[in-house]
Amino acid sequence: MKLDHPVVDRLGRSLVARGAELDQYMIDSLIQMGIMTVYIQTDEGKDEEMSPEISPEAKQKINQLRTEDPAKVSLSASVRKRVAEGIQFIYNSPDSKEAVQATTSIADELLNAINSNNAIALDISALKTSDEYTFKHSVDVATIAMIVAKQQGHSDKEIHEIGVTGLLHDVGKTKVPIEILNKPGRLTDEEFAVMKQHSVYGYHIVKDRNEFSPAVCLGVLQHHEKVNGKGYPMGVDDSKLSPYARVLAVADIYDALVTERPYKAAYSQRDAVEMIMSMTMELDINAMKSFLESMILYPVDSIVELSNGEKARVVKNCPHYILRPTVVGLTSGKVYNLGEDLGCANIIIL
């Protein structure tokens, strides 16, 4: 069965895209979230033609201009299950010998998923490996970082190591007192000082194993550092920031922004991207550029609402204008090249 309508959460974020094929993992996850019913396609391929909302002019323009998105990372239900189980084991038993093998195996799974269809892009709304924040966050950061690394032209070995670093970047939080880690309100200065030590704790956990490269260890240590020297734990600047940490910082900040936590609401994907774009003094500009070129914020065939009141279908994404794809008005059939047409400069996607 394929979804006929996207599944969104109460914040309006897309959890499962229209057209996604339901599998048991997805069904179980939706039920756990309290979503008991969905719309499915009953006449595949003809629903668009039968829809009274799309004018003949719009259909013609959509057919003419529709351009497939770049190949995106896709994790099968079985892979997601293995990854979810593996990451929980790592964070529950960070000091065990098996944790190293589990980390390597998950990075292998993610790299295979990327290479299986030569993926160079990521539909961030489709990522879901676990309902538990720390586990989900670690896998999401690893996946985002690996795609960014591939976009930058890193070798498979380096992409794999960046994945390992992403999986382990928060492992030091296992040494932070639980009352600080799960505090629902804002941390005091003293509590935040303890929290900031998780990078150091994580560094020692991975370094003491003698099975991870210095690059991985340094990436774990520096993932909260900034190019302007205002990060932590050491306040190093651009001249001393490791390549892996540059990529991880972007992935980590983005995923933290779009995730709801007890002490903060989640940002929309659009707002999070705009915040990343504003952090030119803090984040490595090349890592940021590769991140923006890898993200698919509005997948082709998405239905969006424009600020002029018209609904439109996305027909083409441009890697240089992540927030402004080319869309076709469903009623007017008008083509809005939001990224390049100055006549559309005052129109945004709501």
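Residues numbered from 1 in each chain as written. Predicted model: local features only at pLDDT ≥ 70, side-chain atom pairs only at ≥ 80, totals over all residues. Heavy atoms only, no water.

The helix and strand inventory of the chain stands at 14 helices and 6 strands. In terms of overall dimensions, the chain is globule-like: its C-alpha atoms have a radius of gyration of 21 Å, near the 20 Å expected for 350 residues. Its C-alpha atoms put the chain at 65 × 45 × 40 Å along the principal axes. Summing over all exposed atoms, the chain offers an accessible surface of approximately 17100 Å²; the carbon and sulfur share of this is 52%. Positive and negative side-chain charges in the chain, numbering 37 and 49 respectively, have mean positions lying 2 Å apart. (Helix = DSSP H or I, 4+ residues; strand = E, 2+ residues; numbered from the N terminus. Rg over C-alpha atoms; globule rule 2.2 N^0.38 Å. Areas by Shrake-Rupley, 256 points an atom, 1.4 Å probe, with all protein chains shown as cover. Lys, Arg positive; Asp, Glu negative; His and termini not counted. Charge placed at Lys NZ, Arg CZ, Asp CG, Glu CD.)

The next thing to look at is helix H12 (residues 243-257). In a regular helix each residue adds 1.5 Å, so 15 residues correspond to 21 Å; H12 covers 22 Å between its end C-alpha atoms and thus fits that length. Most of H12 sits out of view: 13 of its 15 residues are buried. (Expected span 1.5 Å × (residues − 1). Buried < 20%, exposed > 50% of the residue type's maximum accessible area, 1.4 Å probe, protein only.)

Contact pair helix H10 (residues 198-207) / helix H11 (residues 214-222): the axes reach a minimum separation of 7 Å and the direction vectors enclose 165 degrees. Taken together, the axis directions place H10 and H11 in an arrangement best described as roughly antiparallel. Crossing geometry of H10 relative to H11 is assigned as right-handed. Counting all contacts with H10, which are made through Ser199, Val200, Gly202, Tyr203, Val206 and Lys207, the residues of H11 involved are Cys217, Leu218, Val220 and Leu221. Across the contact of H10 with H11, the residue classes tally to 7 nonpolar, 2 polar and 1 charged. (Axes fitted to C-alpha atoms, helices over the stretch in contact; angles between N-to-C directions. Parallel < 35°, antiparallel > 145°, perpendicular 65-115°, else oblique. Left-handed = near helix turned anticlockwise from the far one by under 90°. Contact = heavy atoms within 4.5 Å. Nonpolar A, V, L, I, M, F, W, Y, C, P; charged D, E, K, R; others polar.)

With that settled, consider the nonpolar core. Formed by 75 residues in total, the largest nonpolar core has its most connected members in Tyr254, Phe291 and Leu306. If you tally residues by element for this core, the top one is helix H6 (residues 133-151), at 10 residues. If sequence neighbours within four positions are ignored, Phe291 has contacts with Ile144, Val148, Val250, Tyr254 and Ile276. Core analysis: the next-biggest nonpolar cluster, separate from the first, contains 7 residues, Leu3, Val7, Ala20 and Leu30 among them. (Core = buried A, V, L, I, M, F, W, Y, C linked by side-chain atoms within 4.5 Å.)

Before going further, it helps to spend a moment on a nonpolar patch on the surface. Among the surface-exposed residues, Met1, Val38 and Ile40 lie close enough to one another that they form a single nonpolar patch of about 250 Å² accessible area. Relative to the elements of secondary structure, Met1 occurs in the segment before strand E1 (7-8). Met1 sits in the exposed class, given a relative accessible area of 58%. (Patch = residues over 30% accessible without salt bridge, like charges linked within 9 Å, V, L, I, M, F, W, Y side chains within 5 Å. Salt bridge = Lys/Arg side-chain N within 4 Å of Asp/Glu carboxyl O.)

Here we come to the sheet that holds strand E5 (residues 326-329). Read from one edge of the open sheet, 4 strands run E3-E4-E5-E6, paired in antiparallel fashion. The open sheet has two edge strands with one neighbour each: strand E3 (303-305) and strand E6 (335-337). With direction set aside, neighbouring strand axes in the sheet form an average angle of 40 degrees. In terms of strand pairing, E3 meets strand E4 (residues 311-316) through 3 bridges, oriented antiparallel. Its bridge partner lying in E4, Val304 is registered against Ala312. Running over the sheet, helix H3 (residues 56-65) touches E4, E5 and E6 and is turned about 160 degrees from E5. (Pairing = 2+ DSSP bridges.)

What follows covers the environment of Val164. When you line up the elements, Val164 lands in helix H7 (residues 156-168). Spatially, the C-alpha atoms of Val164 and Arg246 are 15 Å apart, while their sequence positions differ by 82 residues. When residues no more than four places from it in sequence are discounted, the contact partners of Val164 are Thr103, Ala107, Phe212 and Val216.

Right, let's talk about the packing of helix H5 (residues 97-116) against H7 for a bit. Each pair of packed helices gets described by two things: the angle between the helix axes and the distance between those axes. Here H5 crosses H7 at 125 degrees, and the two axes come no closer than 9 Å. Classified by the interaxial angle, the pair formed by H5 and H7 is oblique. The element H5 and its partner H7 pack so that their crossing is right-handed. Residues Thr103, Thr104, Ile106, Ala107, Asp108, Leu111 and Asn115 of H5 form the contact with H7, whose participating residues are Asp156, Ile159, His160, Val164, Leu167 and Leu168. Its residues placed into classes, the contact of H5 with H7 shows 7 nonpolar, 4 polar and 2 charged.

We now examine the state of the cysteines. What makes a disulfide is a covalent bond joining the sulfur atoms belonging to two cysteines. Tallied over the entire structure, the rule returns 0 disulfides. Just so you know, Cys344 is unpaired, no disulfide at all, and the nearest cysteine sulfur is the one on Cys318, 14 Å from it. Residue Cys344 is classed as buried on the basis of its relative accessible area of 2%. (Disulfide = S-S within 2.5 Å.)

Attention shifts here to the pattern of salt bridges. Using the criterion set out here, one finds 14 salt bridges in the structure. For Arg66, the salt bridge identified is with Glu68, shortest N-O distance 3.0 Å. One salt bridge connects Lys173 with Asp170, and the closest N-O pair in it is separated by 3.5 Å. Considered together, Lys173 and Asp170 belong to a single accessibility category, that of buried residues. Salt bridges linked by common partners bring Arg66, Glu68 and Asp301 together as one network.

We now examine the pairing of E4. Hairpin remark: E3 followed by E4, antiparallel, with 5 residues in the connecting loop; positive phi at Gly309, about 95 degrees. As defined by bridge partners, E4 adjoins E5 across 4 bridges and the pair is classed as antiparallel. Across the sheet, the residue bridging to Val314 is Val327, located in E5.

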